[in-house]
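# Summary of structural features
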Amino acid sequence: MTYSGAVKVGGPADVHELTDLMISKVAVGGMNNNAYLLRCRATDEQLLIDAAAEPQTLLNLIGDGGIASVVTTHQHGDHWGALREVVDATGARTYAGRYDAEGIPVPTAVLVEDGDTITVGRVSLKAVHLVGHTPGSIALVYDDPHGAPHLFTGDCLFPGGVGNTWGDAAAFKSLLDGVETKLFGRLPDETWVYPGHGNDTTLGAERPHLAEWRERGW
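Residues numbered from 1 in each chain as written. Predicted model: local features only at pLDDT ≥ 70, side-chain atom pairs only at ≥ 80, totals over all residues. Heavy atoms only, no water.

## So, the pairing of strand S11 (residues 150–154)
A large share of S11 lies buried, amounting to five of its five residues. Summarising the sheet, strand S10 (residues 137–142) and S11 pair through three bridges and their orientation is antiparallel. Opposite tyrosine 142, over in S11, you have histidine 150 as the bridge partner. Bridging between S11 and strand S14 (residues 192–195) involves four bridges; their strand directions are parallel. Counted as the bridge partner of leucine 151 is valine 193 from S14. (Buried < 20%, exposed > 50% of the residue type's maximum accessible area, 1.4 Å probe, protein only. Helix = DSSP H or I, 4+ residues; strand = E, 2+ residues; numbered from the N terminus. Pairing = 2+ DSSP bridges.)

Below, the structure is given as structure tokens:
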């Protein structure tokens, strides 16, 4: 089956099969949050991005092999609603951005800084700190040696724009500046984007609209 990234709450996961990594995407909860299960194909070690909601759905996705770690992209409650239950069931190590960790009620074992590396088996993810949607949001980049990069953006980048900054002009500028410099400025158009809600996109599909986003202010 060809991966599309189109999932719905109550529906099956969609699986993106890469050479070294399996990415399973599922939608959960009342805000249609995306959760992503990453499995290293060499070691079978697993990592979950955003234990957002519906702990049993996530535990069923994880399966009997468990997970080594959970990364929370930012402090908003719809992204950690199932974190306690998932951690209690799996013993996973928790990761979150240094400047958002205090807003997450489950203790963060590893405080993530800009540029830090998080591993799942033999696969490495690089953290990108983005300020604006929250003070400590992190995106994760998997620079696939066999193809295009893969980018998990939380609520910082979606098809059609950056994340919500609630009319705060300074926060919007900070977020768009960070996204433009640290994501669009460093990664190629083929980069696959996995957002915190909704459908996937690519940097190439969004790049022509950066000036438009800046002009409209959201």
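## Remarks on the side chain of threonine 73
Relative to the helices and strands, threonine 73 resides in the loop between strand S5 (69–72) and helix H2 (83–90). With near-sequence residues (within four places) excluded, threonine 73 lies in contact with Ile49, Asp50, His79, Gly136, Ser137, Ile138 and Gly154. (Contact = heavy atoms within 4.5 Å.)

## Concerning the sheet that holds strand S2 (residues 21–28)
In spatial order, the strands read S1-S2-S3-S4-S5-S6-S7; together these seven strands make up an open sheet with mixed pairing. With one partner strand each, in any of the chains shown, strand S1 (14–17) and strand S7 (110–112) form the two edges of the open sheet. Each adjacent strand pair in this sheet contributes to an overall mean axis angle of 20 degrees, direction not counted. Bridge count between S2 and strand S3 (residues 33–40): eight bridges; the pairing is antiparallel. Considered in S3, the bridge of alanine 27 is made with asparagine 34. Against the sheet, helix H1 (residues 55–62) contacts S2, S3 and strand S4 (46–49), and its axis sits at roughly 160 degrees relative to S2. Its contacts with the sheet place H2 against S4, S5 and strand S6 (93–97), and it is angled at close to 165 degrees to S5. (Axes fitted to C-alpha atoms, helices over the stretch in contact; angles between N-to-C directions.)

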